[in-house]
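# Observations on the model geometry
Okay, here's what each chain looks like letter by letter:
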Amino acid sequence: MLALQIPEVGKLELIRADQPETHPHTLRVRVAASGICGTDSHILHGFYPANLPLIPGHEFAGVVEVVGDGVEGFAPGDHVAVDPNILCGICYFCRRGKVHLCKNLVALGVNIPGGFAEQCVVPVSQAYKIPKELPLAYAALAEPVACCLRGLDLAEIISGDRVAIFGAGPMGALILQLAQMQGASQVIMIDPQEGRRRRVEKLGASWVIDPTHTQVVQAIRDEYPEGIEVVFDCSGNIAAVQQALGLVMRGGMLMLFGVCHKDQNLEINPFLVNENEITIRGSYNNPNTMSRALDLLA
C-alpha cells in the first residue's frame with residue numbers, strides 16, 4: 001500500500017508499505033480521508049514527541065475491510081470515524097475519570113501508524129460506526145470537532161456571553177460555530193491571514209480583526225470597556241496569548257486551546273489574576289466527546 005511517512009525529523013516521503021495485519025479486537029480500515037493537523041507539522045519538524053519512523057495522521061475516517069477475531073458490532077463495508085487516543089484504563093488518571101490525561105496514552109498517527117496510508121489497523125474500541133449518508137471527508141473532522149467540544153465544555157459559555165478567538169484556522173473556525181450554537185451574543189475573531197478572515201466572516205463572526213493593522217486589545221476595550229467573558233487562544237502564538245489575557249473581563253476566562261511551543265513562557269501578574277478572579281484553563285484532547293461530535297457532523 002502507499003503511505004506517507006516521516007522517517008526522521010524534517011523528512012517526509014511517500015513509500016510502499018506492507019499491508020497491516022489485523023489482530024484480535026481490531027479492524028482494518030481503508031482510509032477515505034485524513035485531516036492534516038498542526039500536530040502533524042510539529043511532529044515533522046521535531047516540535048512534538050513521536051515515535052519515528054512514523055506514518056502520521058490521527059484525524060481520519062474510512063470503510064471497514066477486515067474484522068479481527070473477537071469483534072462484535074462491526075462488519076466489512078461499515079463506515080467508521082476513528083478516535084486516535086488509546087487509553088490504558090489502569091493508570092491513576094484513568095481510574096480517576098480523567099482519561100484524557102492517561103499516563104500511558106498511545107495515539108494512532110503519533111506513537112503507532114496512523115491514517116496517512118491507504119489502510120490502517122484500528123482497535124475496535126477506537127472506531128465509531130457512522131451513517132453512510134455522512135460523507136467520509138466530513139467524518140474525518142470528528143476528532144478535531146471533539147477536541148473543540150471539550151474546549152467549549154470547559155469554557156462554560158452561557159447565552160449572551162461575548163467570546164473572542166485568536167486564530168481563525170480550522171480549530172478557531174470550529175470554535176466560532178460551536179460558540180454560536182452555545183448562545184454567544186458576539187464572537188470576535190482575530191487573525192492576520194486574509195483568507196481565514198474571509199472564511200469566518202462567512203461563518204457569521206460578529207467582528208473580524210486583522211492584528212497587523214489594529215491594536216487588538218485597545219480596539220476591543222474601546223468597544224467593550226469591561227472586557228470579554230471568554231477568550232480563546234487557538235493560534236498557539238505566545239504574543240497572541242499575551243494579548244488574549246489583556247482582554248479577559250473580571251470573572252472571565254482565558255482558554256488556552258492552541259499549542260504553544262513547550263519552551264515559551266507567558267508573563268502573568270498574579271495580583272491581577274487574583275484581584276479580578278480570572279480563570280486560566282487548558283483544554284487537552286477529546287475525552288468522551290467523539291460521539292457528540294459525530295452527531296453534530298451528521
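The rules behind each value
- Residues numbered from 1 in each chain as written.
- Predicted model: local features only at pLDDT ≥ 70, side-chain atom pairs only at ≥ 80, totals over all residues.
- Heavy atoms only, no water.
- Phe/Tyr/Trp six-rings, centres within 6.5 Å; stacked < 30°, edge-to-face > 60°.
- Lys NZ or Arg CZ within 6 Å of the ring centre and 35° of its normal.
- Salt bridge = Lys/Arg side-chain N within 4 Å of Asp/Glu carboxyl O.
- Buried < 20%, exposed > 50% of the residue type's maximum accessible area, 1.4 Å probe, protein only.
- Helix = DSSP H or I, 4+ residues; strand = E, 2+ residues; numbered from the N terminus.
- Pairing = 2+ DSSP bridges.
- Patch = residues over 30% accessible without salt bridge, like charges linked within 9 Å, V, L, I, M, F, W, Y side chains within 5 Å.
- Areas by Shrake-Rupley, 256 points an atom, 1.4 Å probe, with all protein chains shown as cover.
- Axes fitted to C-alpha atoms, helices over the stretch in contact; angles between N-to-C directions.
- Parallel < 35°, antiparallel > 145°, perpendicular 65-115°, else oblique.
- Left-handed = near helix turned anticlockwise from the far one by under 90°.
- Contact = heavy atoms within 4.5 Å.
- Nonpolar A, V, L, I, M, F, W, Y, C, P; charged D, E, K, R; others polar.

## Observations concerning the packing of aromatic side chains
According to the stated counting rule, one finds 1 aromatic pair in the structure shown. Taking NZ or CZ as reference, Lys129 lies 5.5 Å from the ring centre of Phe74, over its face.

## Observations concerning the pattern of salt bridges
All chains considered together, the criterion is met by 10 salt bridges. Between Asp191 and Arg196 there is a salt bridge; the shortest N-O distance is 3.9 Å. With relative accessibility at 4%, the residue Asp191 sits in the buried group.

## Remarks on the pairing of strand β8 (residues 119-123)
Among the 5 residues of β8, 5 are classified as buried, and the element is accordingly described as predominantly covered. Looking at chain direction, strand β3 (residues 26-35) and β8 are connected through 5 bridges and run antiparallel. Following the sheet pairing, Arg28 is matched in β8 by Val121.

## Here's the deal with a nonpolar patch on the surface
Together, Tyr48, Leu101 and Tyr284 give the surface a local cluster of nonpolar side chains, amounting to about 260 Å² of exposed area. Along the chain, Tyr48 falls in the loop between α1 (38-44) and β4 (59-67).

## Examining the sheet that holds strand β10 (residues 162-166)
With parallel pairing, 6 strands are arranged side by side in an open sheet as β12-β11-β10-β13-β14-β15. The open sheet terminates on both sides in strands that have one partner only, identified here as β12 (207-209) and β15 (279-282). Each strand axis lies, on average, 15° off the axis of its neighbour in the sheet, ignoring direction. Pairing between β10 and strand β11 (residues 186-190): 5 bridges, direction parallel. Looking at β11, one finds that Phe166 is bridged to Ile190.

## Thoughts on the packing of helix α4 (residues 142-155) against helix α5 (residues 170-182)
In a pair of packed helices, the angle between the axes and the distance between the axes together describe the arrangement. Closest axis-to-axis distance for the α4/α5 pair is 10 Å, and the angle between their directions is 50°. Compared by their axis directions, α4 and α5 come out oblique. Relative to α5, the crossing made by α4 is right-handed. Between α4 and α5, the contacting residues are Pro144, Val145, Cys147, Cys148, Leu149 and Leu152 on the first element and Met171, Leu174, Ile175, Leu178, Ala179 and Gln182 on the second.

## A closer look at the sheet that holds β4
Ordered by their spatial adjacency, 5 strands build an open sheet running β8-β3-β4-β5-β9, and the pairing between neighbours is antiparallel. Both outer strands of the open sheet, β8 and β9 (127-129), are each paired with one neighbouring strand and no more. Across the sheet, the mean angle separating the axes of adjacent strands is 45° when strand polarity is ignored.

## Digging into the packing of α5 against helix α6 (residues 194-202)
In contact at an axis separation of 10 Å, α5 and α6 are set at 15° when each is read in the N-to-C sense. With respect to α6, the element α5 is oriented roughly parallel. The handedness of the crossing between α5 and α6 comes out as right-handed. Within the contact between the two elements, α5 uses Pro170, Ala173 and Leu176 and α6 uses Arg196, Arg199 and Val200. Among the residues making up the contact of α5 with α6, the classes are represented as 4 nonpolar, no polar and 2 charged.

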